[in-house]
Amino acid sequence: MNITFVVAMMAEAQPFIDNFGVKEVPDFFDPLPSKLYHARLGRATDLYVVLNGQQHGSDLIGCESASVATQAAIQKLHPDLVINSGTCGAFKSNGADIARVYLGNAVMFHDRRVPGDDEWGTQALGNYDVWSGTEALAKKLDLPMGKVTTGSSLDMQPCDLQIIKENKGELKDMEGAAVAFVCSLYHVPVLLVKSVTDLCDSSAETYDEFKRNLARASEELCKVNVRIIEELLQ
Ligand code: ADE
């Protein structure tokens, strides 16, 4: 089995990299900045961690980078399962809390609008399939599930919130739907694992809250990812 994690930021992946002792495979995606880490688990499982890499001195975040990294990973590694693991904003009005880790039971874009055309409007929102084993895994590990909605910005404009609410979005991120879109094109199942760094309906400044909680949310993300791998290896 080949399990490939696609992660945007090193801060999100580091606890997991340390825990599994995955080793960097230098220049694997050259000329792309994406980075590959690998470990063999047991006799028959390859665990890969793909990071988007950096540009202008910071980790590449957002949909374009996630799409490029996911496409490169699928073409070069042929994963059986892609896991997009990362952080998200969530809503305390839905019962969310900082560093709580969710599995995505649905995924769409919240900032792609085509008013006046139903077909392109629907295509723009995406609504891609997630791995069919997601619900069973959530039950087994006693993890909450939520709908991931993806956009290109950390902040949230009123029109984003309107689409999120209309579509019952719960977990706001910047990569999930892009990873799921590429997976849908290649017919590769995708699991979304999201840890909450900030509450979209709190009065705190989103970026400050995100930065303040990033390390703790990434530690919790790692713990859940370890349990997921253990379960997948059963
Ligand atoms: N990643 C972490 N928090 C986020 C938020 N509020 N919006 C988008 N992506 C995020």
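The residue count restarts for each chain, going from 1 along the sequence in the order it is written. Under the rules for a predicted model, residues below a pLDDT of 70 receive no local features and side-chain atom pairs below 80 are neither given nor counted, while totals for whole chains, interfaces and linings still include all residues. Neither water nor hydrogens contribute to the side-chain values; these are computed over all heavy atoms in the structure.

Student: Break down the pattern of salt bridges for me, with residues and values.
Tutor: The rule for a salt bridge is simple: a side-chain nitrogen of Lys or Arg has to be within 4 Å of a carboxyl oxygen of Asp or Glu. One pass over the full model with this rule turns up 6 salt bridges. Notably, a salt bridge pairs Lys35 with Glu24, separated by 3.3 Å at the nearest N-O pair. One end of the pair, Lys35, is in strand 3 (residues 35-41); the other, Glu24, is in strand 2 (residues 23-24), with 11 residues separating them in the sequence. Buried residues are those whose accessible area, probed at 1.4 Å on protein chains only, stays under 20% of the maximum for their type, while exposed residues exceed 50% and partly exposed ones sit between those limits. The exposure class assigned to Glu24 is partly exposed, which follows from its relative accessible area of 39%. Secondary structure is summarised from DSSP: a helix means a run of H or I of at least four residues, a strand means a run of E of at least two, and numbering begins at the N terminus for each.

Student: Quick rundown of the packing of aromatic side chains? Include the residues and the values.
Tutor: Two aromatic rings, drawn from Phe, Tyr or Trp (for Trp, its six-membered ring), form a pair once their centres lie within 6.5 Å of each other, and the interplanar angle then sorts them: stacked below 30 degrees, edge-to-face above 60, tilted otherwise. A full pass over the atoms with the stated rule returns 6 aromatic pairs. Considering the side-chain rings of Phe5 and Phe16, the 4.5 Å spacing of their centres and the 55° angle between planes classify their relative orientation as tilted. One end of the pair, Phe5, is in strand 1 (residues 2-7); the other, Phe16, is in helix 1 (residues 10-20), with 11 residues separating them in the sequence. Cluster of aromatic residues (ring-pair linked, three or more members): Phe5, Phe16 and Phe20. Look at NZ for Lys and CZ for Arg. If either is within 6 Å of the ring centre and within 35 degrees of the ring normal, a charge sits over the ring. Above the face of the Phe109 ring, Arg112 is positioned so that its terminal group lies 3.6 Å from the ring centre. Between the NZ or CZ atom of Lys165 and the centre of the ring of Phe91, over which it lies, the distance is 4.2 Å.

Student: Outline the site of the ligand, listing residues and values.
Tutor: The cutoff for a nearby residue is simple: one of its non-hydrogen atoms must lie within 4 Å of the molecule or strand. Around the ligand, the surrounding shell consists of Thr87, Cys88, Gly89, Ser153, Leu154, Lys172, Asp173, Met174, Thr197, Asp198, Thr206 and Phe210. Here a nitrogen atom of the ligand and a backbone polar atom of Gly89 are 3.2 Å apart. Residues adjacent in sequence count toward polar contacts only when both atoms are side-chain atoms; beyond that, a polar contact is any pair of N or O atoms within 3.5 Å, and within protein one must be able to donate a hydrogen and the other to accept it. The backbone of Leu154 places a nitrogen or oxygen atom 3.5 Å from a nitrogen atom of the ligand. Using a 1.4 Å probe, accessible areas were evaluated by the Shrake-Rupley method; residue-level cover was limited to the displayed protein chains. With the chains in place, 96% of the 260 Å² that the ligand exposes on its own is no longer accessible. Looking at the shell around the ligand, the elements with two or more residues in it are strand 7 (81-90), strand 10 (171-173), strand 11 (190-199) and helix 7 (206-232). When residues of the shell around the ligand are assigned to their parent elements, the largest contribution, 3 residues, is made by strand 7.

Student: I'd like a description of helix 4 (residues 134-141), backed by residues and values.
Tutor: Regarding helix 4, the residues found buried are Thr134, Leu137, Ala138 and Leu141. In an axial view of helix 4, the angular spread of the buried residues amounts to 100°, which keeps them on one side of the axis. More than 90 degrees from the buried face of helix 4, the exposed residues found are Ala136, Lys139 and Lys140. We call two residues in contact when some of their heavy atoms are within 4.5 Å. Looking at the packing, one finds that the buried side of helix 4 touches strand 8 (101-109), strand 9 (145-150), strand 11 and helix 7. Asp142 sits one or two positions beyond helix 4 and adopts a positive phi of about 55°. Directions drawn from the helix axis to the C-beta atoms are what define this arc.

Student: Can you explain unusual backbone geometry? Please cite residues and give values.
Tutor: Omega for the peptide link from Asp30 to Pro31 comes to 10°, which places this bond in the cis form. With respect to the helices, strands and loops of the structure, Pro31 is situated in the loop between strand 2 and strand 3. For Asn127, which is not glycine, the phi dihedral falls at a positive 50°. By the element assignment, Asn127 lies in the loop between helix 3 (118-125) and helix 4. Take Asn127: its relative accessible area is 40%, and that puts it in the partly exposed class.

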